[in-house]
Amino acid sequence: MAEAVANVARRVNATVEEEKDTLDLSNCKLISFPDGVFRVLHCVAEKIHMVTLADNEIKGLTGKFFKTFTQLRELDLHNNAIMRLPDVVAELEHLTSINLANNKLSVFPERLTDIQSLERINLEGNAITDIPVEKLQAMPVLKCLNLKSNPLDNNLLTAIQQFPQTFEIQTTTDN
């Protein structure tokens, strides 16, 4: 445990000292986003454009996380245990890519459809059974939606295939 804490501290301090625009806390054995990190990053949070929390055991993120990193362009949360996202995720008005692959989502995080800048959504390997087709179609810049390995029914898969040709849909039925 002490080694994991030291690893997080090293990475956070490097982000602050080097004024990086990326915070990588992947594979740190985190079960939540550490509160202490908010205090350390408060002076540089606005400069951070990418956060990677992949390969942890995170069950969820608080609204405080999304209110702190308001300038996020990319958020990588794959291989965690996330069951839902807070509604405040919709306030990430600069977000272009979110990776939620291999989590424990059973419901599509519908507030993602409110983010006008979102280009890529990866939801592969969750337990999502329904998606808001009309809302996804209305997203102005969405280019890729990965829904592979989700238990979507055939009617929904048919509806998804009707999306515009410029829109890349990846579903379990793709070869």
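Now for a description of the structure that goes with this document. (Residues numbered from 1 in each chain as written. Predicted model: local features only at pLDDT ≥ 70, side-chain atom pairs only at ≥ 80, totals over all residues. Heavy atoms only, no water.)

### Here's the deal with the nonpolar core
Counting 52 residues, the largest nonpolar core has Phe-33, Leu-53, Phe-65, Phe-69, Ile-121 and Ile-131 as its most contacted members. If you list the elements that add at least two residues to this core, you get helix H1 (2-17), helix H2 (35-41), helix H3 (63-68), helix H4 (133-137) and helix H5 (154-161). If we skip the residues at most four places from it in the chain, Phe-33 touches Leu-23, Leu-25, Phe-38, Leu-53, Leu-61, Phe-65 and Phe-69. (Core = buried A, V, L, I, M, F, W, Y, C linked by side-chain atoms within 4.5 Å. Buried < 20%, exposed > 50% of the residue type's maximum accessible area, 1.4 Å probe, protein only. Helix = DSSP H or I, 4+ residues; strand = E, 2+ residues; numbered from the N terminus. Contact = heavy atoms within 4.5 Å.)

### Observations regarding the side chain of His-78
Note that His-78 resides in the loop between strand E3 (74-76) and strand E4 (97-99). In this structure the side chain of His-78 is engaged in a polar contact, spanning 2.6 Å, whose partner is the side chain of Asp-76. With near-sequence residues (within four places) excluded, His-78 lies in contact with Ala-54, Asp-55, Asn-99, Ala-101 and Asn-103. (Polar contact = N/O pair within 3.5 Å; in protein donor to acceptor, adjacent residues only side chain to side chain.)

### Some points on the pattern of salt bridges
Opposite charge on two side chains lets them pair, provided their charged atoms get close. Under the defined criterion, the tally for this structure stands at seven salt bridges. The salt bridge partner of Glu-19 is Lys-47, with a shortest N-O separation of 3.9 Å. In this pair, Glu-19 is assigned in the loop between H1 and strand E1 (22-24) and Lys-47 in the loop between H2 and strand E2 (50-52), connecting sequence segments 28 residues apart. Take Lys-47: its relative accessible area is 43%, and that puts it in the partly exposed class. Its salt-bridge partner being Lys-135, residue Glu-110 comes within 2.6 Å of it at the nearest N-O pair. Linking Glu-110 in the loop between E4 and strand E5 (120-122) with Lys-135 in helix H4, this pair joins segments that are 25 residues apart in sequence. On the basis of relative accessible area, Lys-135 is assigned to the partly exposed category, the value being 41%. (Salt bridge = Lys/Arg side-chain N within 4 Å of Asp/Glu carboxyl O.)

### Points about the packing of aromatic side chains
Tallied over the entire structure, the rule returns five aromatic pairs. Summarising the aromatic geometry, the rings of Phe-33 and Phe-69 are spaced 5.9 Å apart at their centres and angled 85° between planes, so their arrangement reads as edge-to-face. Of the two residues, Phe-33 sits in the loop between E1 and H2 while Phe-69 sits in the loop between H3 and E3, which places them 36 residues apart along the sequence. Look at Phe-69 and you get buried, because its relative accessible area is 1%. Seen from their ring centres, Phe-65 and Phe-66 are 5.1 Å apart, and the 85° between their planes marks the pair as edge-to-face. Grouping residues by exposure puts Phe-65 and Phe-66 together as buried. Linked through ring pairs, Phe-33, Phe-38, Phe-65, Phe-66 and Phe-69 together constitute an aromatic cluster. (Phe/Tyr/Trp six-rings, centres within 6.5 Å; stacked < 30°, edge-to-face > 60°.)

### Some thoughts on unusual backbone geometry
Phi angles above zero are rare outside glycine, and Asn-79 is one such case at about 60°. Positive phi values are uncommon outside glycine, yet Asn-102 reaches one of about 55°.

### Examining the environment of Arg-73
Along the chain, Arg-73 falls in the loop between H3 and E3. The partly exposed category is assigned to Arg-73, whose relative accessible area is 29%. For the pair Arg-73 and Leu-118, spaced 45 residues apart in sequence, the C-alpha to C-alpha distance is 8.7 Å. Among residues more than four places away in sequence, those in contact with Arg-73 are His-49, His-94, Leu-95, Thr-96 and Ser-97. Here the side chain of Arg-73 touches Gln-71 through a polar contact of 2.6 Å, landing on its backbone oxygen.

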